[in-house]
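# Fold and contact review
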Amino acid sequence: MIRCWRLDDDRQSLVLGSDGDRLAEMVYWGPRLPDGEDLATVYRANALDVTGGMLDANPELSICPEATRSFPGQPGLILSTGDGTPILPKFRLAEAQEGGDRLVLTYADDAHGLTYAASFGIDRTTHVIEARSILRARAPVRLHWLSAPVFPASQQSDEMIDMSGRWCGEFQLNRTPWTAGMRHRENRTGRTGHEHFPGLVVPCRGATNTRGHAQAFHYGWSGGHRMVAEELPDGRRQIQFGHATGLETAPGTRFETAPLYAVFSQDGINGCAVAFQRHLRDRIVTWPDPDRPRPVHYNCWEAVYFDHDLPVLCDIADRAAALGAERFVLDDGWFGKRDDDCRALGDWEVDPRKYPNGLGPLIDRVHQLGMTFGIWFEPEMINPDSDTFRANPHWALGDGDQIPGRQQMTLNMALPEVQGFLFDRIGKVLRDNAIDYVKWDHNRVLPTPDAAQTRGTYALIDRLRGAFPHVEIESCASGGGRIDFGILSRSQRVWLSDSNDALERLRMQHDAALFLPMAVTGSHVGPRTCHTSGRTLDIRFRAWVAAQRHMGFEMDPRELSADEARLLGDVTAWWKSNRDWLHRADILRLDSPDPAVIAEQQLAQDGTRFVVFAGKAATSGQIAPRPLPLTRLAPDARYRVELLNRADAGPLSRGDQPLKSGPLELNGGYLMNHGLTLPWAFPETMWVIEGTLI
């Protein structure tokens, strides 16, 4: 007997079906089907023919492919008994629960005492499907691999796009052609990692940022993941995401994947990106004060590093406030005897040498200037040269002869006494001081990956947030080493990269926008000469790149000339006056015809206004700028477009280019089909264009 189920929003349908109560398979995922569609016929139409060299029937590419069905690819579940004997389940449908926009399919294998449940939910507003798997066992079993419900990848796709990276070089896109066999990405660092962001985009043939069909996935887990993108010998393709193999180090009776977020778009890759941006901002992140505008940050790290001196910090705070900063973040160096990065992690008490009267005098000064106060912690880490380690060496995770990272070890966050110690120490600092923001860092990989470590960290953050609901948290891990929807369900901001090089940031921010909205993506104006790249960049470029996201400063403001301070103040004032609508705007990556130009369009949700950031990352191959097509405008409407920073045109921009003279009124169809012609510009500059519906 064929049984089928469907989930719909106004742009997509997901159809699952099975025959004989076996595990369901996704037989359709694409543009919305009519309400009266015969799903059994859709299921039958999905069947493949059989020819020579094949089994007499094709094994199902189910939501959890089973080895016992002679499935020719990677199974969705690998487990064994406590003594290592493989368990090969044969699941049968026990229950189907349908309600509204949710579906839960539960399967049982009575012979092995196993229950497998796959849950699905679709958000009709954001268009994101959330899926997860749960395995229960009557007796303890060892789990080696459990995939979230398996999705089919389109056979109309020629390539897949995933992300790699490094410190100061996060979110690098990899384009890999589909071929027979498997693309396998696995992150065993114990955190989300710079190297393996848990995301995948599958564009169909001909898809661009702004047009065509695309699928995209994100696995919302902070402890290391495994991704399988596999083409079977018969041509079918599957996508699997789950925890990295072997993360569950002990036998258990219940295992659960993190949520897998999946999106189908008929509107190009941007359709997937906007869905993720909106879902993260509006469904996953919880804001202590949702109505509060995102404040301009000042972080003192690259101004003083570990050299904390109260008069100097007060002077810096004065200057930061004058530039427009609204939150002052005191970074590493305020606690223990933390004079460098070799000691004192774990000793979370204010250093009386640097702050003989505590943090109060600095916080009072910051508040007098109209700013709020934030502070840096790295709770999961410990230095061997610390009072805490000397008293509790058994709290460190891993062997004593492990290779240290940044002269530090990791605390075993699975230990309740470690969580309790950190809650007490961090809680005391937050209770004793008027602090509304924590920058939560994580500067090394784990000595051995373990899911219990991530669950312990989640538990600590959840407990702290319950006790201090007014405090926002920023996730930092040597920059962008822990960015995912799991950590963002417990935080409100991510530090995208330790690189404040605006040229590097331009590219990273552009590609991270496949998943991240402006509201959570921290971006700071760095020093004139970048501390991580050595590159010297103009203040205009640095300021406008920071203004693309949640804006802040991290340079020493004492280095600014009067002209630089004025320019930075002007850009900051523009950002503040526009941040309310930018907070909820969609970031649309534009299909630039010039590979030297990295451009995006931030479009208000009501479509009445937009801003285009067109960054010149390199020298163009041609002399004059190519027209830049915009997107998602009303083709018959007229828009007033204005080059906001036309005064930045250099002496080699010699022509009477119309945008340099004043605003233009243009048709939406023209702007999307022909594009906007910009003035000539040097590399490492940015044009900013405002558009308003007339």
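## A closer look at unusual backbone geometry
The phi torsion at glutamine 407 lies on the positive side, around 60°, for a residue other than glycine. The exposure class of glutamine 407 is partly exposed, given its relative accessible area of 38%. The backbone of serine 478 shows a phi angle near 50°, a positive value even though the residue is not glycine. Of note, serine 478 is situated in the loop between strand 26 (472-475) and helix 9 (485-488). Serine 478 gets classed as buried once you look at its relative accessible area, which sits at 10%.

## Quick notes on helix 2 (residues 268-284)
Taking 1.5 Å of rise per residue, the 17 residues of helix 2 would be expected to cover 24 Å, and the 24 Å separating its terminal C-alpha atoms lies within 8% of that figure. For helix 2, the tally of buried residues reaches 14 of 17 residues, placing the bulk of the element in the interior.

## Considering the pattern of salt bridges
Side-chain pairs of opposite charge can arise whenever the charged atoms involved come near each other. Under the criterion given, the structure shown has 57 salt bridges. Measuring nitrogen to oxygen at the nearest pair gives 3.7 Å for the salt bridge that ties aspartate 436 to arginine 327. Taken together, the residues span a long stretch of sequence, with aspartate 436 in the loop between helix 7 (416-432) and strand 25 (437-440) and arginine 327 in strand 21 (residues 327-330) at a distance of 109 residues. Arginine 327 carries the same exposure label as aspartate 436, and that label is buried. Salt-bridge contacts for arginine 507 lead to aspartate 511; the nearest nitrogen and oxygen are separated by 3.6 Å. Here arginine 507 and its partner aspartate 511 are both found in helix 10 (residues 502-512), four residues apart, which amounts to about one turn of the helix. Classification of arginine 507 as partly exposed rests on a relative accessible area of 24%. Residue classification places aspartate 511 among the buried positions, given a relative accessible area of 6%. What you see here is one network of salt bridges that share partners, running through Arg292, Arg294, Arg327, Asp436 and Glu472.

Thresholds, definitions, all that
Residues numbered from 1 in each chain as written. Predicted model: local features only at pLDDT ≥ 70, side-chain atom pairs only at ≥ 80, totals over all residues. Heavy atoms only, no water. Buried < 20%, exposed > 50% of the residue type's maximum accessible area, 1.4 Å probe, protein only. Helix = DSSP H or I, 4+ residues; strand = E, 2+ residues; numbered from the N terminus. Expected span 1.5 Å × (residues − 1). Salt bridge = Lys/Arg side-chain N within 4 Å of Asp/Glu carboxyl O.

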